[in-house]
Amino acid sequence: MKYCELTNGALDSNEVREYLAGGDTTAITIRIPEHLKSIAAEKATLSGLSFSAYVRTCLLNDLLDFERGTTR
């Protein structure tokens, strides 16, 4: 499924969330500045999350902006 298919209104909010959060996991490698990773990991810990969970949460929040009418 493509992003435009998620935003066209064919699926309700819960179906979109289930689709994005579901499925098999995959390992990825991202290259970011060490300082950015350190600060993000600290923020994640303060929020009670692992770094991976924090990144997933940020991605989901960004991808679901269309629900709030705040797409960029």
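Residues numbered from 1 in each chain as written. Predicted model: local features only at pLDDT ≥ 70, side-chain atom pairs only at ≥ 80, totals over all residues. Heavy atoms only, no water.

Caption draft 1: Spotlight on the overall build of the protein. The secondary structure content of the protein amounts to five helices and zero strands. In the protein, the order of α-helices and β-strands from amino to carboxyl end is α-α-α-α-α. At 14 Å, the protein has a C-alpha radius of gyration far larger than the 11 Å of a compact globule built from 72 residues. Dimensions of the protein, computed from C-alpha atoms along their principal axes, come out at roughly 40 × 25 × 25 Å. Buried positions account for 12% of the 72 residues belonging to the protein. Within the protein, residue pairs in contact and separated by at least 24 positions form 41% of the contacts whose partners lie at least 6 positions apart. In the structure as shown, the protein presents an accessible area of about 5,900 Å², 54% of it carried by carbon and sulfur atoms. Averaging the positions of the 8 positive and the 10 negative side-chain charges in the protein gives two centres separated by 7 Å. (Helix = DSSP H or I, 4+ residues; strand = E, 2+ residues; numbered from the N terminus. Rg over C-alpha atoms; globule rule 2.2 N^0.38 Å. Buried < 20%, exposed > 50% of the residue type's maximum accessible area, 1.4 Å probe, protein only. Contact = heavy atoms within 4.5 Å. Areas by Shrake-Rupley, 256 points an atom, 1.4 Å probe, with all protein chains shown as cover. Lys, Arg positive; Asp, Glu negative; His and termini not counted. Charge placed at Lys NZ, Arg CZ, Asp CG, Glu CD.)

Caption draft 2: Quick peek at helix α3 (residues 34-46). With 13 residues, α3 should cover 18 Å at 1.5 Å per step; its first-to-last C-alpha distance of 18 Å lies within 8% of that length. If you check which residues of α3 are buried, you get Ala40, Ala41 and Ala44. Taken down its axis, α3 places every buried residue within 100° of arc, on the same side. Exposed residues lying more than 90 degrees from the buried face of α3 are His35, Ile39, Glu42, Thr45 and Leu46. Contact partners of the buried residues in α3: α4 (51-63). (Expected span 1.5 Å × (residues − 1). Arc of directions from axis to C-beta.)

Caption draft 3: A nonpolar patch on the surface, seen in detail. Together, Ile28, Ile30, Ile32 and Leu36 line one region of the surface with nonpolar side chains, adding up to about 390 Å² of accessible area. If you trace the backbone, Leu36 turns up in helix α3. (Patch = residues over 30% accessible without salt bridge, like charges linked within 9 Å, V, L, I, M, F, W, Y side chains within 5 Å. Salt bridge = Lys/Arg side-chain N within 4 Å of Asp/Glu carboxyl O.)

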